[in-house]
Amino acid sequence: MPRYIVERSFPDGLSLPTNASGAAKCVEIVNTNAEEGVTWLHSYVSEDKTRTFCVYDAPTPEAIRQVARRNELPVNQITEISVLNPYFYLSMAGASRASANRTVYRAPWRPFRYFL
């Protein structure tokens, strides 16, 4: 299934409480999405909470637009994406063993600040 980044703007800031009402809203969104075969994987929220970048699996961009309307969520842009993993290239044939031996590895993640 295709994967998409959905960019959204919230001029007054995103308000999603971290309590039972916030959880209920997320369940409502997930259930509405499922009606069109759309899966919300996760979102990134800007520091000022005015923009989100949401990762979705969906059959089409139109399916995302339909559930966004029903969920009363804005959609600025939808971009089909694929994963680019730099660690994949370390195992490629033709990669110099000498340069691979000099490579300094670090954990492929950094701590994230979660939206609270």
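Residues numbered from 1 in each chain as written. Predicted model: local features only at pLDDT ≥ 70, side-chain atom pairs only at ≥ 80, totals over all residues. Heavy atoms only, no water.

An unreviewed UniProt entry lists the protein under the name DUF4242 domain-containing protein, with Dyella soli as the source organism.

What about the environment of Ser15?
Mapped onto the secondary structure, Ser15 falls in the loop between β1 (3-9) and α1 (20-34). The class for Ser15 is exposed, based on a relative accessible area of 66%. With 35 residues separating them along the chain, Ser15 and Thr50 place their C-alpha atoms 9.6 Å apart. (Helix = DSSP H or I, 4+ residues; strand = E, 2+ residues; numbered from the N terminus. Buried < 20%, exposed > 50% of the residue type's maximum accessible area, 1.4 Å probe, protein only.)

Let's talk about the pairing of strand β2 (residues 39-45)
Two elements, β2 and strand β3 (residues 51-57), share six bridges in a ladder whose sense is antiparallel. Across the sheet, residue Thr39 finds its bridge partner in β3, namely Asp57. Linking β2 back to β3 in an antiparallel pair, the connection comprises five residues, with Lys49 at a positive phi of about 60 degrees. (Pairing = 2+ DSSP bridges.)

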